[in-house]
Amino acid sequence: MPCTEAYREHIMYTFNGYCKTVIRFAAINAWRDRSRRRQIEISLEYLTEEKFYPLGTTDEYFEAPYEEYPVTLCGQTVILTNGELAAALLSLPKKNREIIFLYFFGYYTQREIGEMYERCRSTTGYQIRRTLQLLHKEMEVHSHGESEPFTL
């Protein structure tokens, strides 16, 4: 199909009109986005002039480290960062503390702990669950500041 000069000119004008339309709508979208941002965002100059907010901060993470609570279990010292947990652990009987230490810190299985204390696996599992319940109750007592005596 031969292209005439009039057809080429028609194609050029059509493409030119299409490009102008695309550019016009792109400018309208950019203007709308910018006006939306202006409604949401606040200039840093406004914040520093009006309220005198500092532009920099310092982290207190490195200035105030956690308090450490050393607890000795099974002849090994474990350092805890929760004072309530440390106090609750120390209020438990020695056997229960050892079982918790071996299971959670020593990564022993229930069967291995049962063999150490000459018990079956299910009894050891029951003792672990029971000790965790006692530990939970003791932590509640320590967190509320109540001074109830420890009973089994």
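Everything discussed here concerns the structure shown above.
This is a predicted model, so every value here is computed, not measured.

The rules behind these values
- Residues numbered from 1 in each chain as written.
- Predicted model: local features only at pLDDT ≥ 70, side-chain atom pairs only at ≥ 80, totals over all residues.
- Heavy atoms only, no water.
- Helix = DSSP H or I, 4+ residues; strand = E, 2+ residues; numbered from the N terminus.
- Buried < 20%, exposed > 50% of the residue type's maximum accessible area, 1.4 Å probe, protein only.
- Contact = heavy atoms within 4.5 Å.
- Areas by Shrake-Rupley, 256 points an atom, 1.4 Å probe, with all protein chains shown as cover.
- Phe/Tyr/Trp six-rings, centres within 6.5 Å; stacked < 30°, edge-to-face > 60°.
- Arc of directions from axis to C-beta.
- Polar contact = N/O pair within 3.5 Å; in protein donor to acceptor, adjacent residues only side chain to side chain.
- Axes fitted to C-alpha atoms, helices over the stretch in contact; angles between N-to-C directions.
- Parallel < 35°, antiparallel > 145°, perpendicular 65-115°, else oblique.
- Nonpolar A, V, L, I, M, F, W, Y, C, P; charged D, E, K, R; others polar.
- Core = buried A, V, L, I, M, F, W, Y, C linked by side-chain atoms within 4.5 Å.

## As for the overall build of the protein
Phase 1 of the analysis: Helix and strand content of the protein: six helices and two strands.
Phase 2 of the analysis: Mapped in sequence order, the helices and strands of the protein form the string α-α-β-β-α-α-α-α.
Phase 3 of the analysis: Within the span of the protein, comprising 152 residues, buried residues form 18% of the whole.
Phase 4 of the analysis: The contacts in the protein between residues at least 6 apart in sequence include a share of 42% that link residues at least 24 apart.
Phase 5 of the analysis: Accessible area of the protein: about 12700 Å², with a carbon and sulfur share of 55%.

## Considerations on the packing of aromatic side chains
Phase 1 of the analysis: Per the stated rule, a full pass over the model turns up two aromatic pairs.
Phase 2 of the analysis: Relative to phenylalanine 105, the ring of phenylalanine 101 lies with its centre 5.8 Å away and its plane at 25 degrees, an arrangement referred to as stacked. One end of the pair, phenylalanine 101, and the other, phenylalanine 105, are both in helix α4 (residues 94-105), four residues apart, so they sit about a helical turn from each other.
Phase 3 of the analysis: Exposure remark for phenylalanine 105: the relative accessible area of 37% places this residue in the partly exposed category.
Phase 4 of the analysis: Seen from their ring centres, tyrosine 103 and phenylalanine 104 are 5.0 Å apart, and the 90 degrees between their planes marks the pair as edge-to-face.

## Some thoughts on helix α3 (residues 83-91)
Phase 1 of the analysis: Residues of α3 that are buried: Ala86, Ala88 and Leu89. Viewed end-on, α3 has its buried residues packed into an arc of 165 degrees, placing them on one side of the element.
Phase 2 of the analysis: Buried positions along α3 lie against β1 (69-73), β2 (76-80), α4 and α6 (121-144).
Phase 3 of the analysis: Capping the start of α3, asparagine 82 holds a side-chain oxygen 3.0 Å from the backbone nitrogen of glutamate 84, two or three residues further along.

## As for the packing of α4 against α6
Phase 1 of the analysis: Where α4 meets α6, the closest approach of the two axes is 10 Å, and the angle between their N-to-C directions is 110 degrees. With respect to α6, the element α4 is oriented roughly perpendicular. Contact residues: Lys95, Asn96, Ile99, Ile100, Tyr103 and Phe104 in α4; Gln127, Ile128, Thr131, Leu132 and Leu134 in α6.
Phase 2 of the analysis: Split into classes, the residues belonging to the contact of α4 with α6 amount to seven nonpolar, three polar and one charged.

## Observations regarding the nonpolar core
Phase 1 of the analysis: Val71, Leu80, Leu89, Leu92, Phe101 and Leu135 are the most contacted members of the largest nonpolar core, which totals 16 residues.
Phase 2 of the analysis: Mapped onto this core, the elements with two or more residues apiece are β1, β2, α3, α4 and α6.
Phase 3 of the analysis: Residue contributions to this core peak at four residues, all from α4.
Phase 4 of the analysis: Contacts of leucine 89, omitting those with residues within four sequence positions, involve Leu80, Arg97, Ile100 and Leu135.

## Observations regarding unusual backbone geometry
Phase 1 of the analysis: Phi at cysteine 74 is positive, roughly 55 degrees, even though this residue is not glycine.
Phase 2 of the analysis: Positionally, cysteine 74 belongs in the loop between β1 and β2.
Phase 3 of the analysis: Classification of cysteine 74 as partly exposed rests on a relative accessible area of 36%.
Phase 4 of the analysis: At tyrosine 107, a residue that is not glycine, the phi angle is positive and equals roughly 55 degrees.
Phase 5 of the analysis: Secondary-structure assignment places tyrosine 107 in the loop between α4 and α5 (110-116).
Phase 6 of the analysis: With relative accessibility at 70%, the residue tyrosine 107 sits in the exposed group.

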